[in-house]
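The chain contents come next:
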Amino acid sequence: MKRSLQHILALLLCAALLLTALPFGAAAADAQPASETEGKRTACGADCPYYPTIIVPGLGQSSTIVIDENGDPVLDKDGNKVSSFPAYVQTGKLVGRLLGPALLSLVTQRDVGLSKAGADAIDICFGLNACDLNGQLGNQVMTEKFPYSYAEYSEYDRDVVNHHIPFEQYPTDLPRDHLYYFEYNSFGNHIDLANELYDFIQMVKAQTGHDKVNLVPLSQGASITSAMIEYHPEIADQLHKILFVVPALDGSKIIGDVFNGRITFLNPDYLYSGFLEDMRLLDEHTARLIEVAARILPDELIAKVLSSAVDELVGGVMIRSTSMWALCPSADYPSAAEKYLSSPEMAEIRRQTDRYYQVQLHARDNILALKEAGVQIFDLAEYDFPLINVGESWNKQNGDFIIQLDSTSMGATSANCGETLPEGYVQQNTHCTNPAHNHISPDNVIDASTGLLPDTTFYFKNNRHDLTQHNDTILKIAMNLIAHDDLTDVFSDPDFPQFLPGRNVSKLKPLLAQAKELDTTKLPPAKADALNDAIVQAQDVLAHTDGTMEDIAAAEQALTDALVAVGEAEVEKEKDPTFLRNLSEWLYRNFGANGYSEFPRTALQKLFGKLLGR
Ligand SMILES: [Zn+2]
Ligand SMILES: [Zn+2]
C-alpha cells in the first residue's frame, strides 16, 4: 500500500508538472515591510546624459500575492507573503480533495470521482487567478507595486526584483534613481495594463524631470508595451530607446496550440512514450519512474483526469484572462476566439481580445513608425531550443522553449531547430538596405535580414527563454544599452556581434566565488595549482562573450573537481536511468499505454518475474 501511495503521489506530481509547465514558477520573496517611501525627484535635476529606464518584466516576474477578505497578505508558516503565481498551492486542501477519489479509483480501477476531483484541484490552485466576464481579476490577489525608483527600494523590493533579474550582479552606469520596475499581474486585464504602463511612464517623467524614457520589455511585457504603443501613439515623443528582450510580440505558439485544443499529452501513446523525455525538464530517472508508476491506473482514466484538468485550467481560468489571450499568436487567434469566445456571455472579453488582435496585426508597423520618429529600438532573441512539448507544433519551428523565433525576432527566417537553411539559400534583405551586410548566422540557421530590425537584433543560440536572466552576455548588453548610446547596432562592438552563444552562468558564478574565497596557501601545492587553474579558466570564460555552454560546463567541471579534491564540495551523482528506461520501453512495446490492471494475467506474472530478476 505504501508503494501505491508513492505511485499516486508520483502521478499527482506528474499531473501538476504538466499543468504548470507553461508558466515557470516564481517563488514569493522573503517577507519584509513594503517601502512607504514617496517618489522624489532625482538628484540630476533632469540635466544628465541618462534616460530613466523602465523594465516591463515577463510572465510571473512580478510579485503578485494572495490576500484575505480584509485585503491583508496571506502569510505562510514562516511569515512570508504567499505568491499567487502561477497558482496558490494549498497542500492540505488538495490532499483532502484528491486522496479519497484517488484511492477509490485505484482500488476499483475506475473513475470514482477522480476526474472531477482533478478539476476541483485545478480550481483550488488557479481559481483565484480567474477573471470575471469583464476580464477583471477578483479580490483574492494583489500586485505589489513600486511607484518609485530603484534608489528608493526597500530591501524587500530589491529582493523581489533581483529574484527575477539580477541587477545587483551586473554593473551599469545608469544611476539607480533612473531605474524603474513596472509590476503587474500576468493574468490581469490587458487593456488596463497597457494604460497603467502609459501612466507609469508619465509618473517616471514627473519624478525624474526627464521628458523621455527607455523601455525594456521582456517576454510577456512586450505584449503590454505593444498595446500601449497602439492605444497611445503620442508615446513616440516620450521614448528614447526600447530594448525588447525575448519579446512575445506575436504571442507564443504554446498558447496558440492550447487554445485550439492541440495538446500533446492528452494522447496516451505519447504520454507514456516520449512526452516526459522530450519535455527536457526532468532527469530521465524521474521521467521513467513516472511512466512506470502511471500504469497503476488504466490509461483511459489518466487521459480523462488530465483532460478534465486541462478543461478546467483553460476553460475556467486562461480564456477569461485577456493577458493570456494577448499571448495567442495572431495566426491562431481567429479559430481560438471562435472556439471559446463566441457565446453571448463572453462578448465583453471578445471585444477586448479583438482589440488586442488588431494590436498584433499592427505591431510591426507601429514599431517601424517609432523608429521613423527617432526612437532607437533593439531586440534580443534566442533560438535553436524547441518549444516545450505541450502544444502539437512544439517541434515544427525554431524557438526558445517558450516562444517561436518568428515572434521574438519580428519575422526572421530560420531553419527548424537542429537544421540549417536550404542549400543555396540567399539572404533576402527584406529589411536590410545595406548590401554589404551579412545577416546569415555562422551556423546557417537564421537569415536576420527578414526580421524587422536586422541591424539591431541580437541572436543567442541554444538559450532557454526562462533562463534568459542567467545569460551574462544578455545582461551585459542590456546594462550597456540602458546607460549609453555607443552600442548602435550589431556591427559596433566585436564583443557583441549579431550571433552569440547561449549561456547560463547561474552555477559557474557561485562556484567561482566559493573557490576564490578559499585560502590556497594552506593547501597542498598540487591541489592549490589545480584550484587556481580552474579559477583562471572560469574567469576567462566569463570575460569573453564567445564562450559557449560547453565551455561553461567545462569550467564548472574544473572548479567542481578542484573543490571536491580539497573537500569543499561533494561529487554530484545522477541516478542511473537504464533499468527504468528498459522497463518503461518494454512495457510500452508489449502493452501500449495500458495500465497494469489491463494486462493479461500471464503478462503480469512475466512482469513480476522480470522485476524480481527471475
Ligand atoms: Zn537624469
Ligand atoms: Zn543590415
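None of the values given here were measured: they were computed from a predicted structure.

### Details of helix α3 (residues 114–126)
Here is step 1: In a regular helix each residue adds 1.5 Å, so 13 residues correspond to 18 Å; α3 covers 18 Å between its end C-alpha atoms and thus fits that length.
Here is step 2: When α3 is considered as a whole, its buried residues turn out to be Leu-114, Ser-115, Ala-117, Gly-118, Ala-119, Asp-120, Ala-121, Ile-122, Ile-124, Cys-125 and Phe-126.

### Things to note about the coordination of the zinc ion (ligand 1)
Here is step 1: The coordination sphere of the zinc ion (ligand 1) contains the protein donors Cys-44 (SG), Cys-48 (SG), His-178 (NE2) and His-210 (NE2), at a distance range of 2.1 to 2.2 Å.
Here is step 2: What the 4 donor atoms of the zinc ion (ligand 1) show is an angle range of 103 to 120° at the metal, which sorts the shape as tetrahedral.
Here is step 3: Counting along the primary sequence, the residues that act as donors to the zinc ion (ligand 1) give the motif C-x3-C-x129-H-x31-H.

### Regarding helix α19 (residues 549–565)
Here is step 1: For α19, spanning 17 residues, the distance from its first C-alpha to its last is 24 Å, which sits close to the expected 24 Å at 1.5 Å a residue.
Here is step 2: Every buried residue of α19 is listed here: Ile-552, Ala-555, Glu-556, Leu-559, Ala-562 and Leu-563. Angularly, the buried residues of α19 cover 135° about the axis, an arc narrow enough to put them on a single face.
Here is step 3: On its buried face, α19 sits against α17 (508–517) and α18 (525–543).
Here is step 4: Just downstream of α19, Gly-567 is the residue with a positive phi angle, here 75°.

### Describing the sheet that holds strand β5 (residues 213–217)
Here is step 1: Pairing in this open sheet of 7 strands is parallel, and the strands run β4-β1-β5-β6-β7-β10-β11 from one edge to the other. Each edge of the sheet is formed by a strand with only one pairing partner; in this case those strands are β4 (179–181) and β11 (499–501). If you compare each strand with its neighbour and ignore which way they point, the axes differ by 15° on average.
Here is step 2: Relative to strand β6 (residues 239–245), β5 runs parallel, the two being bridged by 3 bridges. Across the sheet, the residue bridging to Asn-214 is Lys-241, located in β6.

### Focus: unusual backbone geometry
Here is step 1: Here Phe-85 and Pro-86 are connected by a cis peptide whose omega angle stands at -5°.
Here is step 2: Tracing the chain through its elements places Pro-86 in the loop between β2 (64–66) and α2 (91–108).
Here is step 3: Positioned with a positive phi, Asp-384 is a non-glycine residue whose angle comes to about 65°.
Here is step 4: Within the secondary structure, Asp-384 sits in the loop between β7 (376–383) and α15 (405–408).

### What about the environment of Tyr-596?
Here is step 1: Along the chain, the position of Tyr-596 falls in the loop between α20 (578–591) and α21 (601–612).
Here is step 2: Along the backbone, Tyr-596 and Asn-195 are 401 residues apart, and their C-alpha atoms lie at a distance of 55 Å.

Rules used throughout
- Residues numbered from 1 in each chain as written.
- Chains lettered and ligands numbered in written order.
- Predicted model: local features only at pLDDT ≥ 70, side-chain atom pairs only at ≥ 80, totals over all residues.
- Heavy atoms only, no water.
- Helix = DSSP H or I, 4+ residues; strand = E, 2+ residues; numbered from the N terminus.
- Expected span 1.5 Å × (residues − 1).
- Buried < 20%, exposed > 50% of the residue type's maximum accessible area, 1.4 Å probe, protein only.
- Donors = N, O, S within 2.8 Å, 3.2 Å for Na, K, Ca; no water.
- Tetrahedral: all angles 85-135°; square planar, octahedral: opposite > 155°, others 65-115°.
- Arc of directions from axis to C-beta.
- Contact = heavy atoms within 4.5 Å.
- Pairing = 2+ DSSP bridges.
- Axes fitted to C-alpha atoms, helices over the stretch in contact; angles between N-to-C directions.

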